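Survey of secondary and tertiary structure
This is what each chain is made of:
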Amino acid sequence: MRDLLMIPGPVDVDAEVLQALSAPVLGHLDAGFIATFGRALKRLREVSLAPSAQPFVVSGSGTLAMELAVANLVEPGDRALVVNTGYFSDRMAHILERHGAQVTHVRAPPGGAPDAAQVEAELRKGGFKLMTVTHVDTSTAVLAPVEELLKVARHHGVLSVVDGVCATAGESFQQDAWGADVYLTASQKAVGVPPGLALLTVSPRALDAWRKRKAPVASVYADWAEWLPVMEAYEAGKPSYFATPPTSLVCALDVSLGHILAEGMEARFERHRRMARAFRAAWSALGLRLLPTSDAVAANTLSALYYPEGVDASLVGRVKAQGVAIAGGLHPELKTRYFRVGHMNRVTAADVLSTVGAIERALHAGGHRASAAGTGVAAAQASLSA
Ligand code: PMP
């Protein structure tokens, strides 16, 4: 049976992306591959809305993208501020500490996001080199107020790293205009490619800070010094080698980035907002409470929802039995109390209706009959038709 994949990554990808993966493997010195890699790098810069940034495409997952940012910007003893919205902000802190940073957290209770004033109060104390923020924390579905936070970081002359793994190409973001130093992501979510690529766009300011560092980068594979000449060469139409690039995935990335740019960044952000609105209308009609504490901090790329009274984590399996794959909780303090539904990349109105319908049927099958069949689907329909 065919399941609709609605977990918060990896997500369903376009048939043309899959076709690129099934084409004969190209060598990294192949003229066609060189052109494709160069184009993919240019396209990544456009997707991040970062004309001034240096793109990096490296074989690895999102965690490597995080390490590619941290390892190059942090030296032992540097102070870093982590705007903490959940599990993946904790992971960023873990990576920062491994690279010798002294980490201060600005936290909100689960489901909330620290605001710019809280972050400003901490940065004003001085001494910070770097601020990190998780654009959408996939454990809580919290959307951080990134534009305001970046303003504060720039005001205090602090470098910024934004983890866009669950946001890039789904949530509104303009790297150059908002002044982010590193925007990092991975291939498997709203970027629309299977897992396997770590993606970064790095500002000239961050490259300057890296060039001025005194301590060597404490990882060979993550050192920008190894990758920068490779990225520059491919973009200039020449081959180069440090470590074998994942040629098939890079070809798939180029196809997906082409689709993203053809849709248009603003149209794509708006489609994600529209689908998220329809989902939220359905959740509200079904009496399902969001983990994010307000709509202002609710992500457009996924929903995190508390199980209603009398319903437990077996709901996820019952929804699967209805043909839709969703995910359980992830935040360590709450993970048995909520579930998550991804809605990114190719998400359409048909996916919204199928998913809400499957969740309704699963709730009913489990004996939870707080709302009549069709209540959630009708609310989503009304939102989609508005
Ligand atoms: N950051 C965020 C916000 C994520 O959602 C994830 C993965 N779900 C990661 C980082 C880590 O990415 P990966 O699992 O690809 O290493």
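Notes on the structure follow.

Procedures and definitions
Residues numbered from 1 in each chain as written. Predicted model: local features only at pLDDT ≥ 70, side-chain atom pairs only at ≥ 80, totals over all residues. Heavy atoms only, no water. Helix = DSSP H or I, 4+ residues; strand = E, 2+ residues; numbered from the N terminus. Buried < 20%, exposed > 50% of the residue type's maximum accessible area, 1.4 Å probe, protein only. Areas by Shrake-Rupley, 256 points an atom, 1.4 Å probe, with all protein chains shown as cover. Lys, Arg positive; Asp, Glu negative; His and termini not counted. Charge placed at Lys NZ, Arg CZ, Asp CG, Glu CD. Contact = heavy atoms within 4.5 Å. Polar contact = N/O pair within 3.5 Å; in protein donor to acceptor, adjacent residues only side chain to side chain. Pairing = 2+ DSSP bridges. Core = buried A, V, L, I, M, F, W, Y, C linked by side-chain atoms within 4.5 Å.

In this section: the overall build of the chain. Helix and strand content of the chain: 14 helices and 14 strands. With the C-alpha coordinates of the chain rotated into their principal frame, the extents come out at 65 × 55 × 35 Å. Out of the 386 residues belonging to the chain, those deemed buried represent 59%. When the accessible surface of the chain is split by element, carbon and sulfur atoms take 54% of a total near 14800 Å². Considering the chain, the positive charge centre built from 36 side chains and the negative charge centre built from 36 side chains are found 2 Å apart.

Relative to the helices and strands, Ser-303 resides in strand S11 (residues 302–306). C-alpha of Ser-303 to C-alpha of Arg-211: the two residues are 92 residues apart in sequence and 40 Å apart in space. Every residue in contact with Ser-303, bar those within four places of it in the chain, is listed here: Ala-141, Phe-279, Trp-283, Phe-339, Arg-340, Val-341 and His-343. Here the side chain of Ser-303 touches His-343 through a polar contact of 2.8 Å, side chain to side chain.

Looking now at the pairing of strand S5 (residues 128–134). Burial analysis of S5 places six of its seven residues in the buried class, the great majority of the element. Pairing between strand S3 (residues 79–84) and S5: five bridges, direction parallel. Across the sheet, Leu-81 pairs through a bridge with Met-131, a residue of S5. For S5 and strand S8 (residues 159–163), the ladder comprises five bridges, and the chain directions are parallel. In the strand pairing of S8, Val-133 is matched with Val-162.

Core analysis: the biggest nonpolar cluster contains 102 residues, and Leu-96, Met-131, Val-182, Leu-184, Leu-200 and Trp-224 have the highest contact counts within it. For this core, the element with the most residues is helix H3 (residues 62–73), which contributes eight residues. The contact partners of Val-182, leaving out residues within four places of it in the chain, are Ala-69, Leu-73, Ser-160, Val-161, Val-162, Gln-175, Leu-200, Thr-201, Val-202, Ala-206 and Trp-224. Counting residues in hydrophobic clusters, the runner-up holds 30 residues, among them Leu-4, Leu-288, Phe-339 and Val-356.

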